[in-house]
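Fold and contact review
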Amino acid sequence: MSEKARPAPQGKGSAKKPSVAKPESRLAMVRRARRINRELAEIYPYAHPELDFRNPFELLVATVLSAQTTDLRVNQTTPALFAAYPTPEDMAAAAPEHLEELIKPTGFFRAKSRSLLGLSQALRDDFGGEVPGRIEDLVTLPGVGRKTANVVLGNAFGVPGITVDTHFGRLVRRWKWTEQEDPEKVEAEICAIFPKSEWTMLSHRVVFHGRRICHARKPACGACPIAPLCPAYGEGETDPEKARKLLKYEKGGQPGQRLSPPPDYPGLPAPPLGAPVP
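Residues numbered from 1 in each chain as written. Predicted model: local features only at pLDDT ≥ 70, side-chain atom pairs only at ≥ 80, totals over all residues. Heavy atoms only, no water.

Turning our attention to the side chain of Thr63. Residue position: Thr63 is located in helix H2 (residues 56–65). The exposure class assigned to Thr63 is buried, which follows from its relative accessible area of 4%. In terms of polar contacts, Thr63 uses its side chain to reach the backbone carbonyl oxygen of Leu59, at 2.7 Å. Leaving out residues up to four positions away in the same chain, Thr63 has contacts with Leu51, Thr148 and Val151. (Helix = DSSP H or I, 4+ residues; strand = E, 2+ residues; numbered from the N terminus. Buried < 20%, exposed > 50% of the residue type's maximum accessible area, 1.4 Å probe, protein only. Polar contact = N/O pair within 3.5 Å; in protein donor to acceptor, adjacent residues only side chain to side chain. Contact = heavy atoms within 4.5 Å.)

Summed over all chains, the structure comprises 6 aromatic pairs. Between Tyr44 and Tyr46, the aromatic rings sit 6.3 Å apart at their centres with planes inclined by 85°, giving edge-to-face as the arrangement. Of the two residues, Tyr44 and Tyr46, both sit in the buried class. Ring geometry for Tyr44 against Phe208: centres 5.8 Å apart, planes inclined by 70°, an arrangement best described as edge-to-face. Linking Tyr44 in the loop between helix H1 (26–43) and H2 with Phe208 in helix H11 (residues 199–212), this pair joins segments that are 164 residues apart in sequence. Under the relative-accessibility criterion, Tyr44 is labelled buried at 1%. Looking at Arg212, its charged tip hangs above the ring of Phe208, at a distance of 3.7 Å from the centre. (Phe/Tyr/Trp six-rings, centres within 6.5 Å; stacked < 30°, edge-to-face > 60°. Lys NZ or Arg CZ within 6 Å of the ring centre and 35° of its normal.)

Moving on to unusual backbone geometry. Phi is positive for Phe108, which is not a glycine, with a value near 45°. As for its position among the elements, Phe108 is in the loop between helix H5 (96–103) and helix H6 (109–126). Residue Phe108 is classed as exposed on the basis of its relative accessible area, which comes to 55%. Even without being a glycine, Tyr249 presents a positive backbone phi close to 55°. Summarising the element assignment, Tyr249 is placed in the segment after helix H12 (240–244). Residue class for Tyr249 comes out buried when judged on its relative accessible area of 19%.

Counting 40 residues, the largest nonpolar core has Phe168, Trp175, Trp177 and Ile190 as its most contacted members. Those elements giving two or more residues to this core turn out to be H1, helix H9 (166–174), helix H10 (183–191) and H11. Here this core takes 6 residues from H1, the largest share from any one element. Apart from the residues within four sequence positions on either side, Phe168 is in contact with Ile162, Thr163, Val186, Ile190, Leu202, Ser203, Val206 and Val207. (Core = buried A, V, L, I, M, F, W, Y, C linked by side-chain atoms within 4.5 Å.)

Structure, rendered in structure tokens:
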């Protein structure tokens, strides 16, 4: 039995009440959050958007397709899609049935096809065939919300932004940076903790950590380099050997999600659609 679990000794007088940890102050939380970000920057110096793209239009389309599926499946799907429809003008004129067939592997293909046709037509008709570089314009496009807009702005235009996907939201709540559930409120609270210059890379680092180590159902706590800074330590596997077996992608010696990863990515490229996983 551990020391913490051992019952208080019986004897004369009343037993001492167990000490209660003092609530963390706002200042202490901000300092801890910024230290976690610095640690993540050392753990993932190669953090990057995990969607393959060559221009803002490809990133916009890929991000819309990434809803309710993996970046890997999107990356395996977009080569044929962009070969058929390389520009907004091309995609705006696509036959819906053909577009649906090309994006079918990503799921929800009818709704996504409508979004792609709508946003391509809007780009052609309202923005001269170019993806706009302002969030106010991006969110007017069909199928584009703040998350998608921030992905495009941060990675295609260099405009800082926080991308609140399921991984990001889960981790920042585990780390007690926020208690908010609504993505826009999460975004606002996290933006207030970090300097603007850190927003885009912070998003990549947190998402990388969520996909590789701090999983939703069973975090690999025993293999987590930032465990001493994590108030949720112990929610997952704490045995180091067992935890290491939970690591994913390059941390687990497996391919990443991009077919064309950046040159500094230390892992294996993902296989094309239909190819066996190494």
